[in-house]
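# Topology and contacts: notes
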Amino acid sequence: MNIKVLGPGCKNCHELLERTQAAVAELGVAADVEYVTEMARITDFVMLTPGLVIDEKVVHAGKPLPQVERIKQLITEAK
């Protein structure tokens, strides 16, 4: 599984990255979590940040940020 957290480096983007890493750890799934900060790559997926992409499918964009439980649900649904 490939998970991308998209954002230019702001506080919310870092928070989403931390929540995503926590969700992956709690679920114990094998996933590569990538933090994408290059705007050219971000806009390939979303226009609002932060964004969350699981296996090349956008599952979240913008605020409010999803909580860890919601991210776990998104990961489970993507399996």
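For the structure itself, consult the block above.
The structure contained in this document is the topic of the report that follows. Treat the numbers as computed from the prediction; the structure is a model and nothing was measured.

In terms of nonpolar packing, the biggest core is built from 13 residues, with Ile3, Leu16, Leu52, Ile71 and Ile75 touching the most fellow members. Listed by contribution, the elements that provide at least two residues to this core are strand E1 (2-6), helix H1 (11-27), strand E3 (51-54) and helix H3 (68-78). Considering each element in turn, this core owes the most residues, 4 residues, to H1. If sequence neighbours within four positions are ignored, Ile71 has contacts with Leu16, Arg19, Thr20, Ala23, Leu52 and Pro66.

Read from one edge of the open sheet, 4 strands run E2-E1-E3-E4, paired in mixed fashion. At either end of the open sheet lies a strand with only one pairing partner, and these are strand E2 (32-36) and strand E4 (57-61). This sheet shows a mean twist of 20 degrees between the axes of neighbouring strands, independent of strand direction. With 5 bridges joining them, E1 and E2 adopt parallel strand pairing. By the bridge assignment, Lys4 is partnered in E2 with Glu34. Against the sheet, H3 touches E1, E3 and E4, its axis set at about 25 degrees to E3.

Taken together, the buried positions of H3 are Ile71, Lys72, Leu74 and Ile75. Taken end-on, H3 shows its buried residues confined to a sector of 160 degrees, consistent with a single buried face. Away from its buried face, by an angle of more than 90 degrees, H3 presents the exposed residues Glu69 and Glu77. In this structure, the buried side of H3 is in contact with E1, H1, E3 and E4.

Following both chains from N to C, one finds H1 and H3 inclined at 60 degrees, their axes separated by 9 Å at the closest point. Considering the angle they form, H1 stands oblique to H3. Considering only the axes of H1 and H3, their crossing is right-handed. Contacts from Leu16, Arg19, Thr20, Ala22, Ala23, Val24, Glu26 and Leu27 in H1 reach Val68, Glu69, Ile71, Lys72, Ile75 and Thr76 in H3. Class assignment of the residues belonging to the contact of H1 with H3 gives a composition of 8 nonpolar, 2 polar and 4 charged.

Conventions adopted
- Residues numbered from 1 in each chain as written.
- Predicted model: local features only at pLDDT ≥ 70, side-chain atom pairs only at ≥ 80, totals over all residues.
- Heavy atoms only, no water.
- Core = buried A, V, L, I, M, F, W, Y, C linked by side-chain atoms within 4.5 Å.
- Buried < 20%, exposed > 50% of the residue type's maximum accessible area, 1.4 Å probe, protein only.
- Helix = DSSP H or I, 4+ residues; strand = E, 2+ residues; numbered from the N terminus.
- Contact = heavy atoms within 4.5 Å.
- Pairing = 2+ DSSP bridges.
- Axes fitted to C-alpha atoms, helices over the stretch in contact; angles between N-to-C directions.
- Arc of directions from axis to C-beta.
- Parallel < 35°, antiparallel > 145°, perpendicular 65-115°, else oblique.
- Left-handed = near helix turned anticlockwise from the far one by under 90°.
- Nonpolar A, V, L, I, M, F, W, Y, C, P; charged D, E, K, R; others polar.

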